[in-house]
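Here is what each chain is made of, one letter per residue.
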Amino acid sequence: MSDSHLIDNPHVVQYEKLLAHDAALQRSRVVRQQPKSGPENIHRFLSEVVDGKSRLEYSGIRDFKLDDRTVNAPSPFKLPGPQGIEGVQGAFTFSITNPPALGRGFFRLTKDIDGNWKALTLFTNMQDLVGHEESSTDRQGLYEGRKTTWEEDVDAKFRAIEADPTVLIGSLFILSPVTRLGRLGIRALVIEKNAGVGDSWRQRSIRQLKGIAYLSITTRTNFPNIVGSTPVYDSSSARWIVEVQHGDQKVILNPKHLVLATGSGRPHIPSWNGMDDFQGALYHSNFHTDAEQFRGKRVVVVGAGNASGDICQDFVAHGAAEETYFKLPFSDNNPIEELDLRMNSLPSAFLLQLMKSGGTQHMKMFDKELHDGLRKAGFNLTWELSPGSGEVGLEGFLFCRFAAGTMLDVGCGKLIVEGKVKAKQGQDISHFDKDGIEFKDGSELSADIIVLATGNEPVMKATRAFLGDKIAEQLPPEVWGLDSEGELNQTYRPSGHP
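Residues numbered from 1 in each chain as written. Predicted model: local features only at pLDDT ≥ 70, side-chain atom pairs only at ≥ 80, totals over all residues. Heavy atoms only, no water.

(A) Geometry of the nonpolar core. Judged by nonpolar contacts, the single largest core of 18 residues is most densely connected at Tyr283, Val301, Phe315, Ile416, Ile449 and Val451. Secondary-structure elements contributing two or more residues to this core are β16 (298-302), α8 (306-317), α13 (412-417) and β22 (449-452). Beyond its immediate stretch of four places on either side in the chain, Ile449 contacts Phe278, Ala281, Tyr283, Phe294, Lys297, Arg298, Val299, Val300 and Phe315. Of all hydrophobic cores here, the second largest spans 15 residues; its members include Ile161, Ile191, Val242 and Ile471. (Core = buried A, V, L, I, M, F, W, Y, C linked by side-chain atoms within 4.5 Å. Buried < 20%, exposed > 50% of the residue type's maximum accessible area, 1.4 Å probe, protein only. Helix = DSSP H or I, 4+ residues; strand = E, 2+ residues; numbered from the N terminus. Contact = heavy atoms within 4.5 Å.)

Here it is as structure tokens:
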């Protein structure tokens, strides 16, 4: 696209001013930088000296082009809220010299009080390192120049990975990182306690992830398991020493990196007096597998979130006699990567301000009938992290509490409205007895089964148990939640370990 076309296009008026504002999230390093707001902070960041040059000069950022071939092509936008912020938004591509890399960005331009176009937000993201680009295709299958059978090709690939993995990935949330690393040509070996990848989800029987049933048949099913010894880091070789069990053999692996894809921590199981006296089935939601065995029984689910919503639906579908839910409080056709780019281009703290200033109210309008029905059924709702702090909505709970206390409704709300799932709220549990739960107001709930959908412990607690105190002391005390800059703690940044 020529410069003259940029100037004539009303959607990108004074586009070159956008380039001058490439300050907002400038990346001259591979690691993610903190967002910078305000002209002084932006200028200070760009002027920082890196190897004798300003950060902007050092990066050698160049070759800006509007990305007008995707759903993120330049277009008008209007943010919800009383301010009525509107302007032009769109994606662009660029390259940098140091390190040699390709990137994409996203801008939002608005007019100031004098009618001049300014950058409201500017996001830049390194997409590929030159020479190490992520492959968009899988080299398994038919391709020109193949000299081995498909089976031989697959077997050779896995033998190479198992002999010398660069990255060792542990457990539950492995699908995304192992796929991404594979497309980058990085040898990644999965350590899994179950027989097959995805079994942690399959064994739950409810809301299975799409794709679990359609995993490539090239995926190994005989994953090695970690044994009791704690992984040790050898600083002289900059590699880990990890002992695993593979079949009937113990194997020592020396990967450069460990990825703990172990979920959000161990089950959090509160302690109440009398729990041992309860004569029915009592278990944490993580261990829920099949409601069919409890057909015709009375069920109490303690907690109100995604897990409890799923489980309530499962019990209703399998004919539970009665169930009580005790509450502790873009188009599908658009490519996900394009929607991710647009969403990630909003600084988290700025997004929460938008939600407080009208965004949440706007979203609530779409589900007003459901919300009214839930309240009528005794299921009260909140969009505030604390009373009077402002309605941050789902985004606030996601960023600050890892979505604890929220539910993405896929049918449980309707069951509550229809009375198929009853809601009890506003009273703390006093104790358990042989027949069920007694609350502090003296009311009782009788049950045959009690499911504790009470969440999980902090990630760092499980990490410390796995890696030991020496390594854990080098890591941040907290993962997730917003820091003073409004960014997620220890996400997309160095961990603190070499």
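(B) The packing of aromatic side chains, seen in detail. With the rule as written, the count across this model stands at nine aromatic pairs. Here Trp272 and Phe432 contribute two aromatic rings whose centre-to-centre distance is 5.7 Å and whose plane-to-plane angle is 25°, an arrangement assigned as stacked. Across the pair, Phe432 and Trp272 agree in class, each one buried. Pairing Phe402 with Trp480 gives two aromatic rings, centres 5.1 Å apart and planes at 70°, and the pair type is edge-to-face. Of this pair, Phe402 sits in the loop between α12 (393-401) and α13 while Trp480 sits in the segment after α15 (469-472), and the two are 78 residues apart along the sequence. Residue classification places Phe402 among the partly exposed positions, given a relative accessible area of 43%. Each residue in the set Phe64, Phe92, Phe94 and Phe107 is aromatic and connected to the rest through ring pairs, giving one cluster. If you follow Lys364 out to its NZ or CZ, it ends over the ring of Trp383, 4.3 Å from the centre. One Lys or Arg, Lys424, reaches over the ring of Phe439 and ends 4.7 Å from the middle of that ring. (Phe/Tyr/Trp six-rings, centres within 6.5 Å; stacked < 30°, edge-to-face > 60°. Lys NZ or Arg CZ within 6 Å of the ring centre and 35° of its normal.)

(C) Fine view of unusual backbone geometry. In this chain, Asn98 is followed by Pro99 through a cis amide linkage whose omega measures 0°. Position of Pro99 relative to the elements: it lies in the loop between β5 (86-96) and β6 (101-111). In the Ramachandran plot, Ala238 falls in the positive-phi region, its phi being about 55° despite a non-glycine side chain. Mapped onto the elements, Ala238 comes out in the loop between β11 (232-234) and β12 (239-246). Phi at Phe402 is positive, roughly 55°, even though this residue is not glycine.

(D) Inspection of the sheet that holds strand β21 (residues 444-446) at higher detail. Strands sit in the order β19-β20-β21 across an open sheet of three strands; the sheet is antiparallel. Each edge of the open sheet carries a strand with a single partner, namely β19 (429-433) and β21. Looking at each pair of strands side by side, their axes are set apart by 20° on average, direction ignored. Taken together, the three bridges between strand β20 (residues 436-439) and β21 define a ladder with antiparallel strand orientation. Bridging across to β21, Ile437 finds its partner in Leu445. (Pairing = 2+ DSSP bridges. Axes fitted to C-alpha atoms, helices over the stretch in contact; angles between N-to-C directions.)

(E) Highlighting the pattern of salt bridges. Scanning the entire structure with this criterion turns up 17 salt bridges. Across the pair Asp63 and Arg62 runs a salt bridge whose closest N-O atoms are separated by 3.4 Å. With relative accessibility at 47%, the residue Asp63 sits in the partly exposed group. With its nearest N and O atoms 2.8 Å apart, the salt bridge here joins Glu292 to Arg295. On the basis of relative accessible area, Glu292 is assigned to the partly exposed category, the value being 34%. Residues joined in a network through salt bridges with shared partners are Asp67, Arg104 and Glu338. (Salt bridge = Lys/Arg side-chain N within 4 Å of Asp/Glu carboxyl O.)

(F) Layout of the packing of helix α10 (residues 348-364) against α12. Where α10 contacts α12, the two axes come as close as 8 Å, and the packing angle between them is 150°. Here α12 runs roughly antiparallel to α10, going by the angle between their axes. In the crossing of α10 with α12, the sense of the turn from one axis to the other is left-handed. Contacts between α10 and α12 involve Ser348, Leu351, Leu352, Met355 and Thr360 on the former and, on the latter, Gly393, Glu395, Gly396 and Phe399. (Parallel < 35°, antiparallel > 145°, perpendicular 65-115°, else oblique. Left-handed = near helix turned anticlockwise from the far one by under 90°.)

(G) The arrangement of the environment of Lys364 in detail. Along the chain, Lys364 falls in helix α10. Remark: the alpha-carbon pair of Lys364 and Trp383, spanning 19 residues in sequence, is separated by 9.6 Å. In this structure, Lys364 is in contact with His371, Trp383 and Glu391, ignoring residues within four places of it in sequence.

(H) How the structure looks around a nonpolar patch on the surface. There is a patch of nonpolar side chains on the surface, built from Val232, Ile241 and Ile252 and spanning about 240 Å² of accessible area. According to the relative accessible area criterion, Ile252 is partly exposed, its value standing at 47%. (Patch = residues over 30% accessible without salt bridge, like charges linked within 9 Å, V, L, I, M, F, W, Y side chains within 5 Å. Areas by Shrake-Rupley, 256 points an atom, 1.4 Å probe, with all protein chains shown as cover.)

(I) Representation of helix α9 (residues 336-344) in the model. Glu338, Leu339, Leu341 and Arg342 are the residues of α9 that are buried. The buried residues of α9 occupy an angular sector of 155° when projected down its axis, which confines them to one face. Exposed residues lying more than 90 degrees from the buried face of α9 are Ile336 and Glu337. (Arc of directions from axis to C-beta.)

(J) Structural detail: the side chain of Thr110. Along the chain, Thr110 turns up in strand β6. For Thr110, a relative accessible area of 12% gives the class buried.

(K) Quick peek at the pairing of β16. Across the five residues that make up β16, a large majority, four, are buried. Sheet topology note: the β16/β22 ladder contains four bridges and is parallel. Looking at β22, one finds that Val300 is bridged to Ile450.

(L) Representation of α8 within the structure. Between its first and last C-alpha atoms α8 spans 17 Å; for 12 residues at 1.5 Å apiece the expected length is 16 Å, and the two agree. Within the sequence span of α8, burial applies to Ser308, Gly309, Asp310, Ile311, Cys312, Asp314 and Phe315. One or two residues past the end of α8 sits Gly319, with phi positive at roughly 75°. (Expected span 1.5 Å × (residues − 1).)

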